[in-house]
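# Close look at the chain arrangement
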Amino acid sequence: MRRITHALAALALATAALTTLGAGGAGAADGSWAGCPYGAVCVYPQNQNPASAPSEVYWSYGAHNLSNQYGDHWVLNNQSGGAHAHLCKGSGGGNCVYDIPAQNGVWYDLGPINSITLDRP
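Residues numbered from 1 in each chain as written. Predicted model: local features only at pLDDT ≥ 70, side-chain atom pairs only at ≥ 80, totals over all residues. Heavy atoms only, no water.

This brings us to the overall build of the chain. Tallying secondary structure elements over the chain gives 1 helix and 8 strands in all. Secondary structure elements of the chain, listed N to C terminal, follow the sequence α-β-β-β-β-β-β-β-β. In the chain, 61% of the contacts between residues at least 6 apart in sequence involve partners at least 24 apart. A total of about 6,200 Å² of accessible surface is found on the chain, and carbon and sulfur atoms cover 54% of it. (Helix = DSSP H or I, 4+ residues; strand = E, 2+ residues; numbered from the N terminus. Contact = heavy atoms within 4.5 Å. Areas by Shrake-Rupley, 256 points an atom, 1.4 Å probe, with all protein chains shown as cover.)

Structure, rendered in structure tokens:
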């Protein structure tokens, strides 16, 4: 049930983002998505829905440890070229439990998540 809820939430955000981009919304020219720069992975503040201004922006490949992230957050993977992001229960990218393909996002409880990895295609 949780996967279905996440999938529906991601679909709703993607639809809204595509509608905005298709309508010539702000950020369309530079590839940004809901305030997340093109090429980055972004985490948004707890319960910010819809996603509009990220609180964390990650650019480099590898593991990024999280701190003080609890409750539901949008995590958007605005990377290019098929790069993936993973949500991981362990620090340093260990025990990854959720895969976010490029140009996708997820509404996820980050309480048990301790790191995010950005992975080359």
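After presenting the structure, the write-up continues.
Per the stated rule, a full pass over the model turns up 2 disulfides. For C36, the disulfide goes to C42, at an S-S distance of 2.1 Å. Disulfide C36-C42: the torsion about the S-S bond is 85°, which places it as right-handed. Between C88 and C96 runs a disulfide, and the two sulfur atoms are separated by 2.0 Å. Between C88 and C96 the sulfur-sulfur dihedral comes to about 70°; the bridge is accordingly right-handed. Since its relative accessible area comes to 0%, C88 is described here as buried. Ordering the disulfide-forming cysteines of the chain by sequence position, one finds them joined as 1-2, 3-4. (Disulfide = S-S within 2.5 Å. Buried < 20%, exposed > 50% of the residue type's maximum accessible area, 1.4 Å probe, protein only.)

The next thing to look at is the sheet that holds strand β4 (residues 72–77). If you walk across this open sheet you meet the 4 strands as β2-β1-β4-β7, and the pairing is antiparallel. Edge positions in the sheet fall to β2 (56–58) and β7 (104–109), since each has one partner strand and no second. Mean inter-strand twist for the sheet, computed between neighbouring axes without regard to direction, equals 15°. In this sheet, β2 lies alongside strand β1 (residues 41–43) in antiparallel orientation, the contact comprising 3 bridges. Across the sheet, residue C42 finds its bridge partner in β2, namely V57. (Pairing = 2+ DSSP bridges. Axes fitted to C-alpha atoms, helices over the stretch in contact; angles between N-to-C directions.)

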